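Structural overview
What follows is each chain in one-letter form.
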Amino acid sequence: MMNIYGEQGSIDEVAGVLTELRECGLRPDLCSYNTLIKAYGIAGTVEDCVCLVKEMRQNGIEPDKITYTNLITALQQNDKYLEAVKWSLWMKQRGL
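Residues numbered from 1 in each chain as written. Predicted model: local features only at pLDDT ≥ 70, side-chain atom pairs only at ≥ 80, totals over all residues. Heavy atoms only, no water.

What follows concerns the nonpolar core. Core analysis: the biggest nonpolar cluster contains 23 residues, and Ile37, Leu71 and Trp87 have the highest contact counts within it. Those elements giving two or more residues to this core turn out to be helix H2 (11–23), helix H3 (30–43), helix H4 (46–58), helix H5 (65–77) and helix H6 (81–93). Among the elements that make up this core, the one with the highest residue count is H4 (six residues). The residues contacting Leu71, other than those within four sequence positions of it, are Ile37, Cys49, Val50, Val53 and Trp87. (Core = buried A, V, L, I, M, F, W, Y, C linked by side-chain atoms within 4.5 Å. Buried < 20%, exposed > 50% of the residue type's maximum accessible area, 1.4 Å probe, protein only. Helix = DSSP H or I, 4+ residues; strand = E, 2+ residues; numbered from the N terminus. Contact = heavy atoms within 4.5 Å.)

So, on to the confidence of the model for the protein. Across the protein, the average pLDDT comes to 86, with 90% of residues at 70 or higher. Per-element averaging of pLDDT across the protein places helix H1 (residues 2–7) at the bottom with 61 and H5 at the top with 94. (pLDDT = per-residue confidence, 0-100.)

Okay, here's the thing in structure tokens:
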């Protein structure tokens, strides 16, 4: 559901699905986070994308290539080029 809503840019619906998951005692997994980051990027809320990457790490979920690709794409599409370069360098340092 999150992917369908996210592709349409329906960020409120994506956030609603996330809230429902949490209310049921479920935590987002790597795939869920990647979908959320992509959806927030499509919606233009890149600050939320960065927060989600940080949240992932705090929850013990290691971001992967897809995570960083979604984040960097979101940053570039929203004219945050310097931030995109920073995250690209971070990926390179991590060997991704």
